[in-house]
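# Analysis of the macromolecular model
Spelled out from the first residue to the last, the chains are:
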Amino acid sequence: MTIWEMLAVFAAGISAGTINTIVGSGTLITFPVLLATGLPPVTATVSNALGLIPGSISGAIGYRAELTGQRSRVLRLSIAAAIGGLSGAVLLLMLPSTAFETIVPVLVALALVLVILQPRITKAVQRRRDRTGTPTNPDGGPLLFVGLMLASVYGGYFTAAQGIIYLALMGMLLDDTLQRLNATKNILAAVVNSIAALFFLFVADFDWTAVVLIAVGSAIGGQLGAKIGRRLPPTALRALIVVVGTFAIIQLLLR
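Predicted model only: the values in this text are computed from it and were never measured.

Moving on, we get to the overall build of the chain. Looking only at helices and strands, the chain features 11 helices and 0 strands. Starting at the N terminus and walking to the C terminus, you meet the elements of the chain as α-α-α-α-α-α-α-α-α-α-α. Buried residues in the chain amount to 52% of all 255 residues. Long-range pairs, those at least 24 residues apart, make up 84% of the contacts in the chain between residues at least 6 apart in sequence. Per element, the accessible surface of the chain, about 11400 Å² overall, is 71% carbon and sulfur.

On the surface, a cluster of nonpolar side chains totalling about 910 Å² of accessible area is made up of Val42, Leu93, Met94, Leu95, Leu198, Leu201, Phe202, Val203 and Trp208. In terms of residues, the nonpolar patch owes the most to one element, helix 9 (residues 178-203), which gives 4 residues.

This next bit is on the side chain of serine 58. Looking at the secondary structure, you find serine 58 in helix 4 (residues 53-62). A polar side-chain atom of serine 58 sits 2.7 Å from the main-chain carbonyl oxygen of alanine 219. With near-sequence residues (within four places) excluded, serine 58 lies in contact with Ala219, Gly222 and Gln223.

A separate point is the confidence of the model for the chain. Detailed conclusions should not be drawn from predicted coordinates in areas where pLDDT is low. Looking at the chain as a whole, its pLDDT mean stands at 81, while 83% of the residues score no less than 70. Mean pLDDT in the chain bottoms out at helix 6 (residues 103-132), which sits at 66, and peaks at helix 10 (residues 208-229), which reaches 92.

Enumeration according to the criterion identifies 3 salt bridges in this entry. In this structure, the salt-bridge partner of aspartate 176 is arginine 73, at a minimum N-O distance of 2.9 Å. Taken together, the positions of aspartate 176 in the loop between helix 8 (162-173) and helix 9 and arginine 73 in helix 5 (residues 71-94) put the pair 103 residues apart, joining distant regions of the chain. Residue aspartate 176 pairs with arginine 180 through a salt bridge whose shortest N-O separation is 2.9 Å.

Here the focus is helix 10. Taking 1.5 Å per residue, 22 residues should reach 32 Å; helix 10 reaches 30 Å between its end C-alpha atoms and fits that length. For helix 10, the set of buried residues is Ala210, Val211, Leu213, Ile214, Ala215, Gly217, Ser218, Gly221, Gly222, Gly225, Ala226 and Gly229. Check the buried side of helix 10 and you find it contacts helix 1 (3-22), helix 2 (27-36), helix 3 (41-51), helix 4 and helix 9. Where helix 10 begins, one side-chain oxygen reaches toward the backbone nitrogen of threonine 209, 3.2 Å away; that side chain belongs to aspartate 207.

Tracing the backbone through its elements, the reader meets arginine 64 in the loop between helix 4 and helix 5. Relative accessible area serves as the criterion here: at 55%, arginine 64 is assigned to the exposed category. Between the C-alpha atom of arginine 64 and that of alanine 183, which follows or precedes it by 119 residues, the distance is 7.4 Å.

The geometry of helix 5 relative to helix 9 is characterised by a closest axis approach of 8 Å and an angle of 40 degrees between their N-to-C directions. Of the two elements, helix 5 crosses helix 9, and the hand of that crossing is right-handed. Counting all contacts with helix 5, which are made through Arg73, Val74, Leu77, Ser78, Ala81, Ala82, Gly85, Leu86, Ala89, Val90, Leu92 and Leu93, the residues of helix 9 involved are Leu181, Thr184, Ile187, Leu188, Val191, Val192, Ile195, Ala196, Phe199, Phe200 and Val203. Taken together, the residues of the contact of helix 5 with helix 9 break down into 19 nonpolar, 3 polar and 1 charged.

Moving on to the nonpolar core. Of all hydrophobic cores here, the largest spans 47 residues; its most connected members are Leu34, Leu148, Tyr166, Met170, Leu188, Phe200 and Ile241. The leading source of residues in this core is helix 9, at 8 residues. With 5 residues, the next largest nonpolar core counts Tyr63, Leu67, Val74 and Ala183 among its residues.

Moving on, we come to the side chain of asparagine 182. Among the secondary structure elements, asparagine 182 is positioned in helix 9. Residue classification places asparagine 182 among the buried positions, given a relative accessible area of 0%. At 3.0 Å, the side chain of asparagine 182 and the backbone oxygen of isoleucine 22 are in polar contact. Ignoring sequence-local partners within four residues, the contact set of asparagine 182 consists of Thr21, Ile22, Tyr63, Leu167 and Leu237.

Between the first and last C-alpha of helix 1 there are 29 Å, a value that for 20 residues agrees with the 28 Å anticipated at 1.5 Å per step. Those residues of helix 1 lying buried are Val9, Ala12, Gly13, Ala16, Gly17, Thr18, Ile19, Asn20, Thr21 and Ile22. Glycine 24 sits one or two positions beyond helix 1 and adopts a positive phi of about 130 degrees.

How each quantity is defined
- Residues numbered from 1 in each chain as written.
- Predicted model: local features only at pLDDT ≥ 70, side-chain atom pairs only at ≥ 80, totals over all residues.
- Heavy atoms only, no water.
- Helix = DSSP H or I, 4+ residues; strand = E, 2+ residues; numbered from the N terminus.
- Buried < 20%, exposed > 50% of the residue type's maximum accessible area, 1.4 Å probe, protein only.
- Contact = heavy atoms within 4.5 Å.
- Areas by Shrake-Rupley, 256 points an atom, 1.4 Å probe, with all protein chains shown as cover.
- Patch = residues over 30% accessible without salt bridge, like charges linked within 9 Å, V, L, I, M, F, W, Y side chains within 5 Å.
- Salt bridge = Lys/Arg side-chain N within 4 Å of Asp/Glu carboxyl O.
- Polar contact = N/O pair within 3.5 Å; in protein donor to acceptor, adjacent residues only side chain to side chain.
- pLDDT = per-residue confidence, 0-100.
- Expected span 1.5 Å × (residues − 1).
- Axes fitted to C-alpha atoms, helices over the stretch in contact; angles between N-to-C directions.
- Left-handed = near helix turned anticlockwise from the far one by under 90°.
- Nonpolar A, V, L, I, M, F, W, Y, C, P; charged D, E, K, R; others polar.
- Core = buried A, V, L, I, M, F, W, Y, C linked by side-chain atoms within 4.5 Å.

This is the structure:
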């Protein structure tokens, strides 16, 4: 890499770490930059996955106050994320690079619709629970476990916009604030990236310059994202998710 390419990758890492912590989809920033430096798609994907781990951890630390009381939930959902992330990493090396290109924009679009409608859906579900006396499952039950596991398969494969899908699923099935769900999302993203990167260490080639630059940049971005994201009211955070998700869909369709 030239010095200018290194600066571009570092800046992309900061941007990705920031946007991943607040919403997700940071890979849509780092991945094109890595390709522009001449890296092959698979090398760019695995280097990106490893480099973004410090950003996810940094963001989770920044959201530590919102994680209070969520230990059992996070541990249970992390198992789903780990299984899915490992499966996605295996698929990355087995399937053609275009395998998910058709389905992913549809998934992200559906997730955005669910994020927009989530307040109304939550109220409707709560009214139904009040009528039937059905207790709220603090972990989301089997449906959330399976849903997050499937979303994590995609996350282990490519990661772009997985955070939006996580938020949509948890918003539908958990009775909690969007900020607390965002904190959980950051933990799950860290689990998926870590599991996938650990697998890639044994079977794939990394560009270690890219890994270090993204790692340092995303760690800085994770702290910036936590400071910004935690100050956003629910409506503003939801609006940002929709804007970023729409951009993600457009970029995925144009790839």
